[in-house]
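Chain by chain, the residues run as shown.
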Amino acid sequence: MKNLVLAGYSGYTTKDKVFNFVESFNKVKLSFDELVILYAGKRTEINDYLDSVGVKQVSVKEKSFSPYVNRFYWYADFLKNTVYEKVVCADIRDVVFQSNPFTWMNTYQINDLIVCDEGFKHNEEAWNSMTMQGAFPDEAHKMRNKNVFNVGVFGGNALEVQWICEQITKKCEQVKVWVHNYKGKLIEVVPDQVAFSILLDTIADSRVTQRCDNTDNWCLTIASVCFSTFEYQGIDGKICNPDGMEYCLIHQYDRQTEFLKYHVDTNSFSADGKKFFKVKLQDRKNLSLEQQGTVKGEISASDEPMPIGEFYD
């Protein structure tokens, strides 16, 4: 039985939006793995590129007012009509694969659904707190001290992945307004991630979910590092967790392009041009959106392995 990586997009027209995702997966895929990309809208150069590298594409229609919610309708509908063993759903623009996710599951999976715990509570980070208040104001207070889960990468057994996609769409259908007032500004409601976090706190309990954070080796969520582990490292071009274990996936690698670069030809990373590095970031918890600004940090980088103490101090 095949395994599946599933992604979707609408509104993108240039292949750079999908290129790194596709190329990185093709470098780590095995014979029983398949990549399927769902898309809404007219054909563009993206479709021509995907044809040229043999990626299956499915044209779909938008089902929600919110572009953020559409993909979960698409994922659920596609999975209802197909048979796979393991599935990974991932953002297409800012995710790359350092290794094969299904090989990772064979080694590390213990529960049906693998999710990314960002390692901080809703009340510790302004965007998620604001978004929860805008989308689900009646549940915002009880979620204040509950952790944020990133909806951009999750996976596991196919039936469980299909189920959580269906639940996300049902939860998002409860949103009453799609624009809310934040400090005098009208802000678009983005409900998918906060819906996901509510579901993981309620109907998808720990017996079903495997909650991996940035200290694990499943997926590094780079934007959450300054709210959780405060550091990450590179060993010979691969981004690794605090124990030196290579992450399987890297999410939001484009958030720190002032020093971090992804090299698609070698499926590797460098910091300040070096393949051995350690990045330490400032703690950004409990700041307002206006205060957050640019994330600052310290980068140590080298062409050769650093002394152990520099990585594990």
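For the structure, see preceding data.
Residues numbered from 1 in each chain as written. Predicted model: local features only at pLDDT ≥ 70, side-chain atom pairs only at ≥ 80, totals over all residues. Heavy atoms only, no water.

Asks: Would you explain the state of the cysteines in this entry?
Replies: Defined simply, a disulfide is a covalent bond joining two cysteines at their sulfur atoms. Counted according to the given criterion, the structure contains 0 disulfides. With no disulfide of its own, Cys226 lies closest to Cys219 among cysteine sulfurs, the gap being 15 Å. (Disulfide = S-S within 2.5 Å.)

Asks: Quick question: what am I supposed to make of the pairing of strand S6 (residues 113–121) here?
Replies: Sheet faces and side chains relate simply in a regular strand, where the side chains alternate between the two faces. Taken across its 9 residues, S6 has 7 buried, putting it largely inside the fold. Here S6 pairs with strand S7 (residues 147–157) via 6 bridges, running antiparallel. Note on S7: the bridge partner recorded for Asp117 is Phe149. As judged from the 4 bridges shared by S6 and strand S10 (residues 209–212), these two strands associate in the parallel manner. Each bridged residue has a counterpart across the sheet, and for Cys116 the counterpart in S10 is Cys212. (Buried < 20%, exposed > 50% of the residue type's maximum accessible area, 1.4 Å probe, protein only. Helix = DSSP H or I, 4+ residues; strand = E, 2+ residues; numbered from the N terminus. Pairing = 2+ DSSP bridges.)

Asks: Sorry, what's going on with the side chain of Asn241 here?
Replies: When you line up the elements, Asn241 lands in the loop between strand S13 (238–240) and strand S14 (249–251). The buried category is assigned to Asn241, whose relative accessible area is 2%. Polar contacts involving the side chain of Asn241 include one to the main-chain amide nitrogen of Asp243, which spans 2.9 Å. Residues contacting Asn241, with those up to four places away along its chain left out, are Asn214, Thr215, Asp216, Asn217, Gln233 and Tyr247. (Polar contact = N/O pair within 3.5 Å; in protein donor to acceptor, adjacent residues only side chain to side chain. Contact = heavy atoms within 4.5 Å.)

Asks: Would you explain the layout of surface pockets in this entry?
Replies: Gaps left between atoms are located by rolling a probe of water-molecule size over the structure's atoms. The space that makes up the largest pocket amounts to roughly 1100 Å³. Lining of the largest pocket is provided by 50 residues; of these, Asp91, Arg93, Asp94, Gln252 and Arg255 occupy positions nearest its centre. Counting only elements with at least two residues in the lining of the largest pocket, the list comes to strand S1 (3–10), helix H3 (67–80), S6, helix H5 (126–135), S7, strand S9 (185–188), helix H7 (192–201) and helix H8 (289–292). Residue classes in the lining of the largest pocket are distributed as 22 nonpolar, 17 polar and 11 charged. (1 Å grid on protein atoms, 1.4 Å probe; cavity = no way out; pocket = protein on both sides within 12 Å on 5 of 7 lines; lining within 4 Å. Points joined across faces, edges and corners; volume = space filled by probe spheres on them. Nonpolar A, V, L, I, M, F, W, Y, C, P; charged D, E, K, R; others polar.)

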